[in-house]
Amino acid sequence: MIAAYIKYLLRSGNEHSIHSPFLFELYNNVIAVRKDDNPAYEPIRALRKELLRSDEQIEIVDLGAGSRVNKSNLRQLKTIAKNAEKPAKFGRLFYRLIKRFQPATVLELGTSLGLTTLYMSKAKPDAQLITFEGCPQTADKAQQHFSRQGADNVEIVLGNIDETLPKRLKTLDRPIDFAYFDANHRYEPTVRYFEQCLSHARNGSLFIFDDIYWSEEMTKAWEYIKAHPQVTVTVDLFWIGLVFFRDEQVKEDFTLRF
């Protein structure tokens, strides 16, 4: 992963390497924002600090590629908050992206303790936010956090995403405007989840893929997604990849600093 990051640094650019007016505006005003002290973040920040101090243990049911840090199924909340939750700067980015695009329907594959979910929920409280989690005790903790913070627009779908995602998509009565894929970090499941959600995307939808350089399989999945004919604009931020569906735009791939 270190070698991949060095390659990313060597090829990544900033606003001066962007020729798309759409992406130039988005990068400068949403993605590359350096100072973002929105008071909406404070309750989530406080919850993260609380979890990072918590010795409480829960039993993890891991249906994905597993953890590189902890092989035990019994884990402390502070370990999950440190190793499994996305750093706050990504939550803030998702908040800004949702504020910018105003999605009516948001999907999240992989709830964990719900910190990233809370950023998305607070960005648009009237959006329908559906989050999928395979571990019952993790989902229970996330639901407690949502209730405490008044995130009433969040629906947790519990169970193996291989089974719950296609079932829930069949009942979805509107397009997917925004989706965050942070579940099974393997090639086949990632591509399958992408293609299942693809039929529900619309012009203007945004899909985000986590850990695109986590493994060779994830990088292979990212290359497949970039090359897909329905995908028009992709942005490689190393830790995550943004996928835009924009019929009015020529196909382009960008690698940018974040």
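All values derive from a computational prediction rather than experimental measurement.

> What is the right way to read the overall build of the protein chain from this model?
Helix and strand counts for the protein chain come out as ten helices and ten strands. In terms of overall size, the protein chain behaves like a compact globule, its C-alpha atoms giving a radius of gyration of 17 Å where 258 residues would be expected to give roughly 18 Å. Projected onto its principal axes, the C-alpha positions of the protein chain cover 50 × 40 × 35 Å. Per-residue burial for the protein chain yields a buried fraction of 53% across its 258 residues. Residue pairs at least 24 apart in sequence account for 71% of intrachain contacts in the protein chain once pairs closer than 6 positions are excluded.

> Quick question: what am I supposed to make of helix α10 (residues 216–227) here?
Helical geometry: 3.6 residues make up each α-helical turn, so side chains three or four residues apart lie on a common side. Taking 1.5 Å of rise per residue, the twelve residues of α10 would be expected to cover 16 Å, and the 17 Å separating its terminal C-alpha atoms lies within 8% of that figure. Buried residues of α10: Met218, Ala221, Trp222, Ile225 and Lys226, and no others. Along the long axis of α10, the arc covered by the buried residues comes to 135°, so they all point the same way. Along α10, exposed side chains directed more than 90 degrees from the buried face belong to Glu216, Lys220 and Ala227.

> Looking at this structure, I do not really get the sheet that holds strand β10 (residues 252–255). What am I missing?
What holds strands together in a sheet is hydrogen bonding between their backbones, with the strands either parallel or antiparallel. The strand order across the open sheet formed by eight strands is β5-β4-β3-β6-β7-β9-β8-β10, and the pairing between neighbours is mixed. Each end of this open sheet is capped by a strand with a single partner; those strands are β5 (154–158) and β10. Each strand axis lies, on average, 15° off the axis of its neighbour in the sheet, ignoring direction. Of the strand pairs in this sheet, strand β4 (residues 128–133) and β5 are connected by five bridges, and their pairing is parallel. Among the inter-strand pairings, Leu129 is bridged to a residue of β5, identified as Val154. Sheet strands in contact with helix α7 (residues 136–148) are β4 and β5, and its direction is about 170° off that of β5.

> Quick question: what am I supposed to make of the pattern of salt bridges here?
Working definition: two side chains of opposite charge can pair if their charged atoms are close together. A complete count under the given rule lists 17 salt bridges for this structure. Residue Arg96 pairs with Asp36 through a salt bridge whose shortest N-O separation is 2.8 Å. One end of the pair, Arg96, is in helix α5 (residues 88–101); the other, Asp36, is in the loop between α2 (21–31) and α3 (42–52), with 60 residues separating them in the sequence. A single burial state applies to Arg96 and to Asp36, both of which are buried. Between Arg246 and Glu248 there is a salt bridge, and its shortest N-O distance comes to 3.4 Å. Residue classification places Glu248 among the exposed positions, given a relative accessible area of 53%. It is possible to trace a salt-bridge network through shared partners that takes in Lys86, Asp210 and Asp211.

> What's the story with the packing of aromatic side chains in this structure? I'm lost.
How two aromatic rings sit relative to each other is given by the distance of their centres and the angle of their planes. Within this structure, the stated rule accounts for 19 aromatic pairs. With 5.7 Å between their ring centres and 35° between their planes, Tyr5 and Trp239 make a pair best called tilted. Within this pair, whereas Tyr5 is found in helix α1 (residues 2–11), its partner Trp239 is found in the loop between β8 (233–236) and β9 (240–244), the two being separated by 234 residues in sequence. Among the residues examined, Tyr5 registers a relative accessible area of 30% and is labelled partly exposed. Through successive ring pairs, a cluster of aromatic residues spans Tyr5, Tyr8, Tyr213, Phe238 and Trp239. Over the ring of Phe22 we find Arg246, and its NZ or CZ is 3.6 Å from the ring centre.

Reading the values: the criteria
- Residues numbered from 1 in each chain as written.
- Predicted model: local features only at pLDDT ≥ 70, side-chain atom pairs only at ≥ 80, totals over all residues.
- Heavy atoms only, no water.
- Helix = DSSP H or I, 4+ residues; strand = E, 2+ residues; numbered from the N terminus.
- Rg over C-alpha atoms; globule rule 2.2 N^0.38 Å.
- Buried < 20%, exposed > 50% of the residue type's maximum accessible area, 1.4 Å probe, protein only.
- Contact = heavy atoms within 4.5 Å.
- Expected span 1.5 Å × (residues − 1).
- Arc of directions from axis to C-beta.
- Pairing = 2+ DSSP bridges.
- Axes fitted to C-alpha atoms, helices over the stretch in contact; angles between N-to-C directions.
- Salt bridge = Lys/Arg side-chain N within 4 Å of Asp/Glu carboxyl O.
- Phe/Tyr/Trp six-rings, centres within 6.5 Å; stacked < 30°, edge-to-face > 60°.
- Lys NZ or Arg CZ within 6 Å of the ring centre and 35° of its normal.

These figures capture arrangement, not role.
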